[in-house]
Amino acid sequence: MQDAGSVQRTNINPATGEAIGATPMDAVGAADKAVAAAARAFPEWSATPVGDRVQHLFKYKTLLEQHAGELAQIIVEEHGKTLGEAMGSVRRGIDCIEHACAAPVLMMGRTLPQIAVSSSFCRTDNEGGVGIDSAVDRVPVGVCLGITPFNFPVMVPMWMWPMAVACGNTFVLKPSEKDPASAVRTTELAQEAGFPKGVLNLVHGGIDVVKHLITHDDVRAISFVGSTRAGASIYATGAAAGKRVQCMCGAKNHSIIMPDANRGAAVDGVIGSAFGNTGQRCLAGSVVVLVGDTADWFMPALVEGAKKIAVGIGGEKGTGMGPMQDAESCDRAVSYIEIGEGEGADLLLDGRKAKMPDTGCFVGPTIFDNARPEMRIVSEEIFGPVLTIMRAKTLDDAVAMVNQSEYGNMSVIFTDSGHAAHRFETTVEAGMLGVNVGVPAPMAAFPFAGWKKSFYGDLHTNGEDGVRFFTKARVTVRRWL
Ligand code: NAD
């Protein structure tokens, strides 16, 4: 374990208010040791055949499946998710391991024999031109750094390090200081899976440690997931220091509901998207745009459905929505309810008045209606269970409202019309789109990231982009004389 540093952050169970641990915030010396260990391990690990490297991931996947319940309990305790949400997020993390196990195929290069013919003037025989072959291989980049947010403490690190190490890199993970216990446990399980020393290294800390690591000489690539404020700065600093950087950042996501939508699917989809994980999801559909007369059937069902969500302790049976992760997040959500009232939107459901436990960081589902694009409750990321509704006359008007956002992580449409869905897909500006799904969730085999201020970089995480991010292209041109 690393040295303690001089500043510690006390971590609180957000459902009960009890202290459950502490994170060292400024242990820069420990971060240096972790990078040095990763750099030492790199030559041997990168030279290990990829088929042997992924054997550790196969073992790791089995261990994660065996310990899924234990990991979910840790998430419930330190993050506040419901048990179902926590189990689901562990499963999505395991999907990433399964994908990384395919590295022997995913990393394969390509060859084109006889791409050109050279008529060598030094040849004396009469065999004609000499064939030239060209080949591209994918080779690891070196020590990679992952910086992750609090909201999916098991799943998000799995977007990064399994594929990175499968591709032959070594890795330093800096999880969120707010809920680091699941990263500690998943790293212990990686050791149990037999990864050699130095292949995966865990470092704790806050901003000081991140700032130190992103310009470290031995770090070659940085994968970040978190807020736009932090991501924009990490991208600028890391890229200026010559690192390969991808930053998956903040969001404000819109759902468009057409009059012809399947009513049950639209209402359930919006409720799950806006209030699932207590709205603390980069894919939370926190703004809805209702087209035409959709509000007549949508609004009563939405409010009725949201009122039924049981707010409570994540680990207890029957809880539909857990607490916010910490008091600061809770205060932010409450302050946006006040902002929405001040901006003149109609507060149809007030999360401050929901039935909820007396202790802990709770705020209930909140719904504002008749909002406008210029309002802060529409344009700013709240990252809590606050849903805002706007009205539009036509689909094109709705898409124009969506495209005013400075974010572009995801957008979804609910409709029965192929024509409307196609128009939406080809005009809306977002990296992840959904048609009749509330959350177009990341799938390990497909690239995942947003557009605009939701992403800084070139290659997205996961899928083929993930393989390309964690490898360099090396082209060889061969001629045999
Ligand atoms: P955060 O930006 O506060 O923290 C993320 C990580 O960055 C943490 O490890 C933290 O220690 C570090 N950090 C924070 N501020 C920093 C700074 N100024 N300089 C350097 N490092 C810094 O984010 P969070 O509150 O943990 O997570 C919520 C945010 O993450 C939301 O904005 C959410 O939309 C975003 N998110 C995005 C995705 C995505 O895929 N786009 C996924 C999950 C979460």
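Right above here is the structure, for reference.
Rules behind the numbers
- Each chain has its residues counted from 1, following the order in which its sequence is written.
- Local features in a predicted model are, by the rule used here, given only for residues with pLDDT of at least 70; side-chain atom pairs are given and counted only at 80 or more, and totals for whole chains, interfaces and linings are based on all residues.
- The side-chain values count all of the structure's non-hydrogen atoms but skip hydrogen atoms and water molecules.
- Counting from the N terminus, the helices are DSSP H or I runs at least four residues long and the strands are E runs at least two residues long.
- We call a residue buried when its accessible area falls under 20% of the maximum for its residue type, exposed when it is over 50%, and partly exposed in between, using a 1.4 Å probe and counting protein chains only.
- Put simply, buried Ala, Val, Leu, Ile, Met, Phe, Trp, Tyr and Cys residues joined by side-chain atoms within 4.5 Å make one nonpolar core.
- Bear in mind that the domain bounds are from an automatic or database domain assignment.
- Note on contacts: a residue pair is in contact if any heavy atoms of the two residues lie within 4.5 Å.
- Each pair of strands is called paired provided DSSP finds at least two bridges between the two strands.
- Lines fitted to C-alpha atoms define the axes here, with helix axes fitted over just the stretch in contact, and angles between the N-to-C directions of these axes take values from 0 to 180 degrees.
- Note on terminology: near, applied to a residue and a molecule or strand, indicates that one of the residue's heavy atoms is within 4 Å of it.
- Polar contacts here mean pairs of N or O atoms no more than 3.5 Å apart (in protein, one a potential hydrogen donor and the other a potential acceptor; neighbouring residues in sequence count only if both atoms are side-chain atoms).
- Residue-level accessible areas treat just the shown protein chains as cover; the underlying method is Shrake-Rupley with a 1.4 Å probe.
- For this classification, Asp, Glu, Lys and Arg are treated as charged, while Ala, Val, Leu, Ile, Met, Phe, Trp, Tyr, Cys and Pro are nonpolar and the rest, including Gly, are polar.

Some points on unusual backbone geometry
The phi dihedral of Asn277 falls on the positive side, at around 55°, and the residue is not glycine. Tracing the backbone through its elements, the reader meets Asn277 in the loop between helix H10 (263–275) and strand S11 (287–291). A positive phi angle is found at Thr278, which is not glycine, with a value near 55°. In this fold, Thr278 is placed in the loop between H10 and S11. Relative accessible area serves as the criterion here: at 2%, Thr278 is assigned to the buried category.

Details of the nonpolar core
Formed by 86 residues in total, the largest nonpolar core has its most connected members in Tyr60, Trp161, Phe171, Phe195, Ile257, Phe298 and Ile367. Three or more residues apiece are contributed to this core by two domains, here domain 1 (8–107 + 139–249 + 454–476) and domain 2 (253–435). With sequence-adjacent residues up to four places away left out, Tyr60 is seen in contact with Ile97, Met158, Trp161, Thr186, Leu189, Ala190, Ala193 and Phe195. Listed in part, the 31 residues of the second largest apolar core include Val289, Tyr336, Ile377 and Ile382.

Quick notes on the sheet that holds strand S3 (residues 110–118)
Spatial ordering of the open sheet is given by S3-S4-S20, a layout of three strands whose pairing is antiparallel. Of all strands in the sheet, those with a lone pairing partner are S3 and strand S20 (471–479), marking the two edges. Strand after strand, the sheet turns through a mean of 25° between neighbouring axes, direction not considered. As paired strands, strand S4 (residues 130–140) and S20 are joined by nine bridges and run antiparallel to one another. Each bridged residue has a counterpart across the sheet, and for Val136 the counterpart in S20 is Val475.

Observations concerning the site of the ligand
If you check the shell around the ligand, you find 28 residues, and the closest are Lys174, Glu177, Ser227, Cys249 and Glu381. Contacts to the ligand include Thr148, whose backbone N or O atom sits 2.8 Å from an oxygen atom. Contact distances for the ligand include 2.6 Å between an oxygen atom and a side-chain N or O atom of Ser227. Considering the ligand on its own, with 840 Å² of exposed area, one finds that the protein chains cover 90% of that surface. The set of elements that each furnish at least two residues to the shell around the ligand consists of helix H8 (207–214), strand S8 (219–225) and helix H9 (228–240). Grouping the constituent residues of the shell around the ligand by class yields 17 nonpolar, seven polar and four charged.

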